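Next come the chains, spelled out residue by residue.
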Amino acid sequence: QNVNMRVMQSIAYIDLGDIENASKSLREADQWNNSYRNEYWWPAYRYTYEKLIEVARARILTMQGKYAEAEAAMRKSVDAAIADIATIPMKSVKDEKFVYEHSVNTRLADLAGVLAMQGRLNEAEFTARRALNDTVSRFGGYSFQTAYILTALIQILQQQGRYAEAVSLAKT
């Protein structure tokens, strides 16, 4: 829980624009994470913690304008989210598989945003559409999961100057 708490603190500081304290909380999350590696339960939670830590790292790097490094961190988070699905049977509290599947698509939408910040709009659109298609197929078109992913795609379309398409998607 200490990793979760430190990551949540880090994200709160990011939202406040306080990179110094966000970075400090992230370092603490990394320290807690490293201290858990010899625990018997580590295999069940390593990817859960990794995806959270890398999301916070990517957000800090984005705020610092280090988009290539933010992209690398977000890709690690996507990979960890995918790997985390396989750990569900090992966990003492068995979450529904859809929670983990949505986590993958959320990370892909966040990655799309980082790609867009680098001006890689076509790749960003492809990544967001990939996440959206999977989300719609799993959760339907009228779910909160779909709304999150759709927002990312709409922002990318706006950056491409495709306003009519963005407005049309927003109305769906």
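Residues numbered from 1 in each chain as written. Predicted model: local features only at pLDDT ≥ 70, side-chain atom pairs only at ≥ 80, totals over all residues. Heavy atoms only, no water.

> Sorry, what's going on with the packing of aromatic side chains here?
For any pair of aromatic rings, the description consists of the separation of the ring centres together with the inter-plane angle of the planes. Throughout the structure, instances matching the rule amount to six aromatic pairs. For the pair Tyr36 and Tyr49, a centre-to-centre distance of 5.8 Å together with 40° between the ring planes defines the contact as tilted. With a gap of 13 residues between them, Tyr36 in the loop between α2 (19–35) and α3 (42–63) and Tyr49 in helix α3 connect regions that are remote in the sequence. In textbook terms, an aromatic cluster arises when at least three aromatic residues are bridged by ring pairs, as seen for Trp32, Tyr36, Trp41, Tyr45 and Tyr49. (Phe/Tyr/Trp six-rings, centres within 6.5 Å; stacked < 30°, edge-to-face > 60°. Helix = DSSP H or I, 4+ residues; strand = E, 2+ residues; numbered from the N terminus.)

> How should helix α5 (residues 97–117) be read in this particular structure?
At 3.6 residues per turn, the α-helix brings residues three or four places apart onto the same side. Given a rise of 1.5 Å per residue, 21 residues ought to cover 30 Å, and the 31 Å separating the end C-alpha atoms of α5 matches this to within 8%. For α5, a buried count of 16 out of 21 residues is recorded, marking the element as mostly surrounded by other parts of the structure. (Expected span 1.5 Å × (residues − 1). Buried < 20%, exposed > 50% of the residue type's maximum accessible area, 1.4 Å probe, protein only.)

> So what exactly am I meant to see when it comes to the nonpolar core here?
A general trend in soluble globular proteins is that nonpolar side chains are found buried together. Residues Leu108, Leu111, Ala124, Leu153, Ile156 and Leu169 are the most contacted members of the largest nonpolar core, which totals 30 residues. Secondary-structure elements contributing two or more residues to this core are α3, α4 (67–85), α5, α6 (121–139), α7 (144–159) and α8 (163–171). Val7, Ala29, Ala44 and Ala56 belong to the second largest nonpolar core, which has 14 residues in total. (Core = buried A, V, L, I, M, F, W, Y, C linked by side-chain atoms within 4.5 Å.)

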